[in-house]
Amino acid sequence: MNEKPDLCITYDSPVTLLAGVGKVRASAYAKMGIFTLGDLLRHYPRAYENRGDVRLLTQAPAEGKCALILTVATEPRCVRLRSHKSFLKFRAFDDSGSCEIVYFNQDYLKSTFPTGSVFRFYGRVERSGSKYSMASPVFEPWTEFASLPPFAAVYRLTEGLSAKQIAKDVLAALSLLAASGTDPLPAFLREKRGLCTLSFAERNIHLPESRESLALARKRLVYDEFFYFSLGAAMSQRATKSAGAPKCENNDLTVFLGKLPFALTGAQKRAIDDIKRDMATDIPMSRILVGDVGCGKTVCAAAAMMLAVQNGRQAALMAPTEILARQHYADLAPLFKELGYDCALLIGATSAAEKKRIKALLSNPHPALRLPLVIGTHALLSDGVEFAAPGLVITDEQHRFGARQRALLSEKNTHAHLLVMSATPIPRSLALVLYGDLDLSKIDEMPPGRQRVDTFAVNESYRARLNAFIDKQIREGGQVYVVCPAIEEQENACDEFPLYDLLDNAPLPEKDPRPPLKAAISYAKELQERFPQHRVAFLHGKMKSGEKDVIMQDFSEGKINVLVSTTVIEVGVNVPNACLMIVENAERFGLSQLHQLRGRVGRGKRKSYCVLVTGGTDDVGERSRARLDTMRTTYDGYAIAEQDLIQRGPGDFLASASDGSVRQSGGLCFRLADAGEDVSILTDATADARALLASDGALKNHPLLARRVQETFSIDSGLIS
Ligand code: ADP
Ligand code: MG
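Remember, predicted model here, so these are calculated numbers, not experimental data.

Novice: Could you give an account of the overall build of the protein, naming the residues involved and the relevant values?
Specialist: When you go through the protein residue by residue, the secondary structure sums to 22 helices and 23 strands. Looking at the protein as a whole, 51% of its 721 residues qualify as buried. Considering only residue pairs separated by 6 or more positions, the protein has 75% of its internal contacts joining residues 24 or more positions apart.

Spelled out as structure tokens, the structure:
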């Protein structure tokens, strides 16, 4: 399936195939993650200039850009200034008036504008009194007989690449691929859902013929994003439901439960009963345990592990980060030890010798000698980790792994029971997409005595009061988290524009008008200077895991008072003494993410607070305001997730819920899907994907489709054969 004939041009062909794309431009493209023709075509415009909206000079809007059809009235004149600067100047008119047009440092344009020639100019019209002028407008020769495209794509750019170049390359890619292009989506689905063809969609998303064709193109591409995602997710997690799993019939947990310092909640009991029932049969369990942060999923995982080991099988628990794996290990290993079972920790930082020892113990054929329990990170997936008697595989906070890694672990142990734990409450419509056919247990009850984390939304003008509040919390013995969206200052520069509504006529801002991002490293420094008597440290994802562990350990032991970090602390870590969570640039975070962050505090006896700080002192805009209000008034993770879905749309929601591991694999990403109404496209696409797989599980009758799913989802060809 992977061999390609030499001359065949596909989405996988490199961009260097295009005329004019050499080393330099290819490396500029690489900076934006564009390597193949497919990547280029999926570099969708972030907005469109509505050049088809032609006005008369006198009706040009006071704000924003517009298009004008003007006839050149005077010969362009070059004016030289000091320091090698110059400008070109001429007058042009329409029926309503005349306008001065100026280009800076572009003398070579002099011969482009002979008097009497007609152009469509696009730009901002300045007006002073009765005089009009335009500076450096976009110009296109105009005749009455040949119409110009009404919309022009605006792309996200990088140094060394102009919009013109991108548009030209996109056009070239479109025509190269058009020759080889067959639509992978079955025609009957296209008809059923009123979708346009792929080639129409690809052309019109970049070069819309009209507003209607743009809407059609977008609908098709959004459908595709969901459709392929659904297919890929379902196919990669298709559990082999055949018998062969170990029956764990000894399911008396009395001794284990007696060792716990608390009684289980009703919801925990129900979840453990579900697990007992599943594991007692020889059909492999494939269950997802969903519950809000702090609801107590870990103890359910431990109970499941006990079920495996007391039936002579092995159990593995995989966490998404080393910090979390260590924490699980520190919490659970002593408990298991007390009950007579050894447990090892296997993470990237584990020494080679220790890894070797653990692997040997895990694969030891003698029941008495082999290691029954292991906790770790994706290091558990690495070659050479074999279980002699696999019984149960658990992945914690699985949205951090993505379906792909989860599939890997369970594929390796096809006959083991599988338990997935997630703290992201997923609305029903999306749960189907993300979790396919996993059975669901929901923990909808908090352990007793949990307090509500009082939540406030403030802006820069509260900074002094906030600093005083930090100081007060620390002096009273508490600890503080500060979460920043960036690691270093310069990240601000390459931060993207928000994706403006594609069909919106709103003028594009010249530069990002949003307040700058707070950066963890420099902000930690600033806070340390402000509070010399307290210890401030920072933590971010680019640090070595050893360094991160030391910081996290010091924080959990109370040696650090203020921990400034990126969202690396989002998942799962438990520091009961932390009582204040400050989120900087809170306007940049999704609701579910804010909720996760808030869940880091309020885990102990201390009264806890969450302060959401928006950048700047201006009002943050309606959407952000609505988000922050939801956070202030809602504490139920599911209600928040539903709001998140409505406010951000399924694309963004899924992208953040499935995280980088999935997103970065082969272009699987929700680039277009973002509006709330896309939920209905999502529902359609998911239903179609399921129906198709129900009748043709390996897509044998749809080889093109299989191929496309494989490309976008990076699934082993073994899964689709
Ligand atoms: P999460 O579901 O977010 O993984 P944890 O399993 O980390 O939550 O549990 C959060 C905290 O609640 C832990 O300190 C744990 O010991 C405690 N806990 C769990 N279940 C109970 C219970 N039934 N009663 C009291 N405390 C509990
Ligand atoms: Mg947890």
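Novice: Help me get a handle on the environment of Leu466, residues and values and all.
Specialist: With respect to the helices, strands and loops of the structure, Leu466 is situated in helix H14 (residues 463–475). Residue classification places Leu466 among the buried positions, given a relative accessible area of 7%. Leu466 sits 116 residues away from Ile582 along the chain, and the two C-alpha atoms are 9.2 Å apart. Leaving out residues up to four positions away in the same chain, Leu466 has contacts with Ile582, Val611 and Val613.

Novice: Describe the site of ligand 1, listing the residues and the values that go with them.
Specialist: Surrounding ligand 1, one finds 16 residues, the nearest of these being Ala263, Gly294, Lys297, Thr298 and Arg450. Contact between ligand 1 and Ala263: a nitrogen atom at 2.9 Å from a main-chain N or O atom of the residue. Between Lys297 and ligand 1, the recorded distance is 2.8 Å, taken from a side-chain N or O atom to an oxygen atom. Protein chains shield 80% of the accessible area of ligand 1, which is 570 Å² for the free molecule. Among the residues making up the shell around ligand 1, the classes are represented as 6 nonpolar, 6 polar and 4 charged.

Novice: Please provide a residue-by-residue account of the sheet that holds strand S12 (residues 314–318), values included.
Specialist: With respect to topology, 7 strands assemble into an open sheet ordered S13-S14-S12-S15-S16-S11-S17, the strand pairing being parallel. Of all strands in the sheet, those with a lone pairing partner are strand S13 (343–346) and strand S17 (439–443), marking the two edges. For this sheet the average axis-to-axis angle between neighbouring strands, irrespective of direction, equals 20°. Examined bridge by bridge, strand S11 (residues 286–291) and S17 share 5 bridges and lie parallel to one another. Looking across to S17, one finds that Arg287 is bridged to Asp439. The strands that helix H8 (residues 266–279) touches are S11, strand S15 (390–395), strand S16 (417–422) and S17; relative to S17, the one it contacts most, it runs at about 160°. Together, S12, S13 and strand S14 (373–376) form the strand contacts of helix H10 (residues 322–338), whose direction differs from that of S13 by roughly 170°.

Novice: Quick rundown of the pattern of salt bridges? Include the residues and the values.
Specialist: Note on pairing: side chains with opposite charge can pair once their charged atoms come close. Using the criterion set out here, one finds 30 salt bridges in the structure. Of the charged contacts, one joins Asp274 and Arg287 as a salt bridge, the two residues approaching to 3.7 Å between their closest N and O atoms. You can see Asp274 sitting in helix H8 and its partner Arg287 sitting in strand S11, a full 13 residues away along the chain. Each of the two residues, Asp274 as well as Arg287, counts as buried. The shortest N-O distance in the salt bridge between Asp629 and Arg632 comes to 2.7 Å. One end of the pair, Asp629, and the other, Arg632, are both in helix H19 (residues 622–633), 3 residues apart, so they sit about a helical turn from each other. On the accessibility criterion, Asp629 (27% relative accessible area) is partly exposed. In the salt-bridge network here, residues are joined through shared partners; they are Glu49, Arg51, Arg120 and Glu140.

Novice: Give a description of the packing of H10 against helix H17 (residues 545–556) that names residues and reports values.
Specialist: Packing of H10 against H17 brings their axes to within 9 Å, and their N-to-C directions diverge by 50°. In terms of their interaxial angle, H10 and H17 are classed as oblique. Taken as a pair, H10 and H17 cross one another with a handedness that is right-handed. Seen from H10, the contacting residues are Glu322, Ile323 and Arg326; seen from H17, they are Ser545, Lys548, Asp549 and Met552. Class assignment for the residues of the contact of H10 with H17 results in 2 nonpolar, 1 polar and 4 charged.

Novice: Could you give an account of the sheet that holds strand S22 (residues 578–583), with specific residues and numbers?
Specialist: Taken together, the 6 strands give an open sheet; going across it, the order is S18-S23-S22-S19-S21-S20, and neighbouring strands pair in parallel fashion. Since the sheet does not close on itself, it has two edges, and those belong to strand S18 (454–459) and strand S20 (536–539), each with one partner. Direction aside, neighbouring strands of the sheet carry axes that sit 20° apart on average. Running over the sheet, helix H18 (residues 591–598) touches S18, strand S19 (479–483), S22 and strand S23 (609–614) and is turned about 155° from S22.

Novice: Outline the confidence of the model for the protein, listing residues and values.
Specialist: Across the protein, pLDDT averages 83, with 83% of residues at or above 70. The low-confidence segment residues 491–512, where pLDDT is below 50, has 39 contacts with residues more than four positions distant or belonging to other chains. Scored below 50 in pLDDT, residues 715–721 makes 18 contacts in the model with residues more than four places away or belonging to other chains.

Novice: Lay out the packing of aromatic side chains in plain terms, naming residues and giving numbers.
Specialist: Per the counting criterion, the structure on display carries 14 aromatic pairs. For the ring pair Phe119 and Phe139, a centre distance of 6.1 Å and an interplane angle of 80° mean the geometry is edge-to-face. With Phe119 in strand S7 (residues 118–128) and Phe139 in strand S9 (residues 138–141), the pair connects residues that are 20 residues apart, well separated along the chain. A residue is classified by how much of its surface remains accessible, and Phe119, at 4% relative accessible area, is buried. Residue classification places Phe139 among the partly exposed residues on the basis of a relative accessible area of 26%. Taken together, the aromatic side chains of Phe90, Tyr103, Phe113, Phe119, Phe121 and Phe139 make up a single cluster linked through ring pairs. Over the face of the ring belonging to Tyr122 we find Arg51, whose NZ or CZ atom lies 5.7 Å from the ring centre. One Lys or Arg, Lys607, reaches over the ring of Tyr609 and ends 5.5 Å from the middle of that ring.

Novice: Could you give me a rundown of the packing of H18 against H19, with the residues and numbers involved?
Specialist: Running from N to C, H18 and H19 cross one another at 35°; their axes reach a closest spacing of 10 Å. The crossing of H18 and H19 is right-handed. Mapping the contact onto sequence places Leu591, Leu594, His595 and Arg598 in H18 and Arg627, Leu628, Thr630 and Met631 in H19. Per-class residue counts for the contact of H18 with H19 are 4 nonpolar, 2 polar and 2 charged.

Novice: Please set out the environment of Phe387 residue by residue, giving values where relevant.
Specialist: Considering the arrangement of structural elements, one finds Phe387 in the loop between S14 and S15. Sequence separation between Phe387 and Leu362 is 25 residues, and the spatial gap between their C-alpha atoms is 5.3 Å.

Novice: Could you give an account of the pairing of S14, with specific residues and numbers?
Specialist: Burial along S14 is two-sided: Leu373 and Ile375 facing one way and Val374 and Gly376 facing the other are all buried. In the sheet, S12 pairs with S14 via 4 bridges, with the strands oriented parallel. Of the residues in S14, the one forming a bridge with Ala316 is Val374. Relative to S14, S13 runs parallel, the two sharing 4 bridges. By the bridge assignment for S14, Cys343 is matched with Leu373. Regarding the hand of the β-α-β motif, the stretch spanning S13, helix H11 (residues 352–362) and S14 is right-handed.

Novice: Got a sec to walk through a negative patch on the surface? Specific residues and values, please.
Specialist: There is a patch of like negative charges on the surface, built from Glu488, Glu489, Glu526 and Glu529. Relative to the assigned elements, Glu526 resides in helix H16 (residues 520–530).

Novice: Can you break down the pairing of S11 residue by residue, with the values?
Specialist: Looking along a regular strand, one sees side chains alternate from face to face of the sheet. Counting buried positions along S11 yields 6 of 6 residues, so the element is predominantly enclosed. Here S11 shows two buried faces, one formed by Ser286, Ile288 and Val290 and the other by Arg287, Leu289 and Gly291. By the bridge criterion, 5 bridges tie S11 to S16 in an arrangement that is parallel. Within S16, the position partnered with Val290 by the bridge is Ser422.

Definitions and cut-offs
- Residues numbered from 1 in each chain as written.
- Chains lettered and ligands numbered in written order.
- Predicted model: local features only at pLDDT ≥ 70, side-chain atom pairs only at ≥ 80, totals over all residues.
- Heavy atoms only, no water.
- Helix = DSSP H or I, 4+ residues; strand = E, 2+ residues; numbered from the N terminus.
- Buried < 20%, exposed > 50% of the residue type's maximum accessible area, 1.4 Å probe, protein only.
- Contact = heavy atoms within 4.5 Å.
- Near = heavy atom within 4 Å.
- Polar contact = N/O pair within 3.5 Å; in protein donor to acceptor, adjacent residues only side chain to side chain.
- Areas by Shrake-Rupley, 256 points an atom, 1.4 Å probe, with all protein chains shown as cover.
- Nonpolar A, V, L, I, M, F, W, Y, C, P; charged D, E, K, R; others polar.
- Pairing = 2+ DSSP bridges.
- Axes fitted to C-alpha atoms, helices over the stretch in contact; angles between N-to-C directions.
- Salt bridge = Lys/Arg side-chain N within 4 Å of Asp/Glu carboxyl O.
- Parallel < 35°, antiparallel > 145°, perpendicular 65-115°, else oblique.
- Left-handed = near helix turned anticlockwise from the far one by under 90°.
- pLDDT = per-residue confidence, 0-100.
- Phe/Tyr/Trp six-rings, centres within 6.5 Å; stacked < 30°, edge-to-face > 60°.
- Lys NZ or Arg CZ within 6 Å of the ring centre and 35° of its normal.
- Right-handed = clockwise from strand over helix to strand, strands pointing away.
- Patch = residues over 30% accessible without salt bridge, like charges linked within 9 Å, V, L, I, M, F, W, Y side chains within 5 Å.
- Lys, Arg positive; Asp, Glu negative; His and termini not counted.
- Charge placed at Lys NZ, Arg CZ, Asp CG, Glu CD.

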